[in-house]
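Chains, contacts and geometry: an overview
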Amino acid sequence: MGEIVLARVDDRLIHGQVMTKWSKGLNCNAIFVIDNSISKDPLMKSVYEMSAGAYGLTIKVMSVDEAIKSWEENKFWRYKVILLFKNISTVKETVNKGLPIQRLNIGGIAKKADSTFIIPSVALTKLDADILRELNQNYGIEVTFQTLPDTKKVSLKDALDNSGL
């Protein structure tokens, strides 16, 4: 049986920080990118999947439904996995469909016109903040904001109270 060692929202998905700091620090052997659009794009899917070679990790790119099916059929095999999401709404869809995420790390979301910085690398919209509250209150998911494992972890409550969202 596999184990979800980290669920993370980072709109850059796989990059140096994830591959070196997070994956090694958590002793994982796989990264699963869960994104409906990328899973349908053969070129982008292959780019992400090929990035694993130098790090000795298995990388899979799946749609939400593929991830749910994999969890239901074999609990992610033998993998100790980091789940990577490009956005918060995909996390909500995945959780609503039954993936048991207990903790969610928000590590990188670029600034948009209608968003507010929560920590230097994370900007949320009002809708993002509402979804995170829902995930916390309705599903008991611990939501924290943290760019790297060695930077300060900020709780959902503290982040949203300080931002006014």
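First, a word on what this report is: a plain description of the structure on this page. Keep in mind that what you see is a predicted model, and the values were worked out from it rather than measured.

Bringing the pattern of salt bridges into the picture now. All told, the structure shown has 10 salt bridges when counted by the stated rule. With a shortest N-O distance of 3.4 Å, E93 and K97 are connected by a salt bridge. A relative accessible area of 26% places E93 in the partly exposed class. Look at K97 and you get partly exposed, because its relative accessible area is 36%. Two residues, K157 and D161, come together in a salt bridge whose shortest N-O distance is 2.6 Å. Placement of both K157 and D161 in helix α7 (residues 156–163) is noted, with a separation of four residues, approximately one turn of the helix. Each of R8, D10 and R12 takes part in a single network of salt bridges with overlapping partners.

Taken together, the buried positions of α7 are occupied by L156, A159, L160 and S163. What you see down the axis of α7 is that its buried residues fit within an arc of 90 degrees, all on one side. Residues of α7 that are exposed and point more than 90 degrees away from the buried face comprise K157 and N162. Here the buried face of α7 lies against β6 (116–119), β7 (122–124), α6 (126–139), β8 (142–145) and β9 (154–155). Trailing α7 by a residue or two, G164 shows a phi angle of about 85 degrees, which is positive.

Moving on, we come to the environment of F85. Structurally, F85 can be placed in strand β4 (residues 80–85). The class for F85 is buried, based on a relative accessible area of 0%. It is 14 Å that separates the C-alpha atoms of F85 and A110, two residues lying 25 residues apart in sequence. Beyond its immediate stretch of four places on either side in the chain, F85 contacts A7, R8, V9, D10, L13, I34, T90, V91, T94 and I101.

Here S23 is to be found in helix α1 (residues 16–25). Leaving out residues up to four positions away in the same chain, S23 has contacts with V18, C28, L57 and I82.

Locating Q146 in the fold gives a position in the loop between β8 and β9. Its relative accessible area of 7% is what places Q146 among the buried residues. Separated by 2.7 Å, the side chain of Q146 and the backbone oxygen of T151 make a polar contact. In this view, Q146 contacts R8, W22, N105, I106, G107, I119, T151, K152 and K153; residues no more than four positions away in its chain are not counted.

Quick notes on the rules
- Residues numbered from 1 in each chain as written.
- Predicted model: local features only at pLDDT ≥ 70, side-chain atom pairs only at ≥ 80, totals over all residues.
- Heavy atoms only, no water.
- Salt bridge = Lys/Arg side-chain N within 4 Å of Asp/Glu carboxyl O.
- Buried < 20%, exposed > 50% of the residue type's maximum accessible area, 1.4 Å probe, protein only.
- Helix = DSSP H or I, 4+ residues; strand = E, 2+ residues; numbered from the N terminus.
- Arc of directions from axis to C-beta.
- Contact = heavy atoms within 4.5 Å.
- Polar contact = N/O pair within 3.5 Å; in protein donor to acceptor, adjacent residues only side chain to side chain.

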